[in-house]
Every structure is written in C-alpha cells, then in structure tokens.
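One-letter residues, chain by chain:
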Amino acid sequence: MSLLVTSVALAALLIPGAVAIPGAAAQPAGGEPAPGVPAKGDVAVVDPAEIPAEPPAQSAPPARELFGADCDTVIEASQVTAYCQNRFPRTDLVRLHVECDQWWDIDGDGAAVAVGPAGRVELDGRCWKEVRSAWVSHEPG
C-alpha cells in the first residue's frame, strides 16, 4: 500500500500541471483535519496587502577600515631591505621576515616597527648565503 502511495506522489511531482489538493494528505482517516491544516476542499486565501512589496532592506556590512603600509622589498645577494610608507591614518606595525635558501642558514623574523600616519621606515635583514624569499607582515598598532 505504501509503495503505491509513494509512486503516485512521485508521479504527481514529475507530471507537469499536477495539482495537489490542500489538506488532502494531512487529513487523518478519522475525518478531523490536523490543527492548522485546512479541511479537505478548503481553499487558502492570502490577502495581497499582507505581502510586502519588497524584501526588508538588509544593513550593509561595516566598511573595511583602510589600513596597511605599502612596502617594497629589495633583495641584493644576501641582503634584504624593505621600504614601507604608511598613507593611512592608523599606525601599522610592520615586521620583515627573511627565509634563507640554505638549510643550515638561519631564517630571520625582525622586530615589529611602528609606522605612523604618513610615516616611512626602512627594514633590513640578511642571510649568510642566498635569500629564498622575503616578505613584510602587518599588524594594527
């Protein structure tokens, strides 16, 4: 019996133009509809005045604060120099990180240096041999 009901329900979903009768499936065998379900043959009525014309406006996410000094990194042989300039009104703590190419060469993480608004700073680092990479990290100050 349940297999027949399932196949009829699936066929109704697959056939274009199939219409479900409101409350027909929700009405128990005793004849009394479940609470909140219209009785068999009842038609649901919706007042168009209750439907909003537009979805409610959602607030925009807060604007991201402009932050972070612009840094140019120059690698010459085993020396690394980073030139940073802060063009924003918030202080930026910049730190130079140097990764050395040789496995035995010690990588370096420099101390954080504060770059105030409209300020400039030069950061230096080095390896004993070749430099693999270098970058500057930023923190709000």
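Please refer to the structure placed before this passage.
Here's a quick rundown of the structure. No experiment lies behind these values; they were computed from the predicted model shown.

Here we come to unusual backbone geometry. If you check the backbone angles, Ala 77 has positive phi at about 60° while not being a glycine. Positionally, Ala 77 belongs in the loop between strand E1 (70-76) and strand E2 (79-85). When its relative accessible area of 69% is taken as the criterion, Ala 77 is described as exposed. Positive phi outside glycine occurs at Ala 118, with the angle close to 60°. Topologically, Ala 118 is positioned in the loop between strand E5 (113-115) and strand E6 (120-126).

Note that Asp 92 resides in strand E3 (residues 92-100). Of the buried charged residues, Asp 92 lacks a salt bridge, with Arg 90 as the closest side chain of opposite charge at 8.5 Å. A distance of 2.7 Å separates a polar atom in the side chain of Asp 92 from the backbone nitrogen of Ala 69. Beyond its immediate stretch of four places on either side in the chain, Asp 92 contacts Phe 67, Gly 68, Ala 69, Asn 86, Val 113, Ala 114, Val 115, His 138 and Glu 139.

Turning our attention to the environment of Gly 119. For Gly 119, the position within the fold is in the loop between E5 and E6. With relative accessibility at 19%, the residue Gly 119 sits in the buried group. As a C-alpha pair, Gly 119 and Arg 87 span 32 residues in sequence and 7.5 Å in three-dimensional space. Once you skip the residues sitting within four places of it in the chain, Gly 119 turns out to touch Cys 84, Gln 85 and Asn 86.

A sheet is described by the order of its strands in space; here 3 strands give the open sequence E1-E2-E6, paired in antiparallel fashion. In this open sheet, the two strands that pair with only one neighbour each are E1 and E6. Each neighbouring strand pair of the sheet contributes to a mean axis angle of 15°, computed without reference to strand direction. Pairing of E1 with E2 involves 7 bridges; the strand directions are antiparallel. Note on E2: the bridge partner recorded for Glu 76 is Gln 79.

Definitions and limits used
Residues numbered from 1 in each chain as written. Predicted model: local features only at pLDDT ≥ 70, side-chain atom pairs only at ≥ 80, totals over all residues. Heavy atoms only, no water. Helix = DSSP H or I, 4+ residues; strand = E, 2+ residues; numbered from the N terminus. Buried < 20%, exposed > 50% of the residue type's maximum accessible area, 1.4 Å probe, protein only. Lys, Arg positive; Asp, Glu negative; His and termini not counted. Salt bridge = Lys/Arg side-chain N within 4 Å of Asp/Glu carboxyl O. Polar contact = N/O pair within 3.5 Å; in protein donor to acceptor, adjacent residues only side chain to side chain. Contact = heavy atoms within 4.5 Å. Pairing = 2+ DSSP bridges. Axes fitted to C-alpha atoms, helices over the stretch in contact; angles between N-to-C directions.

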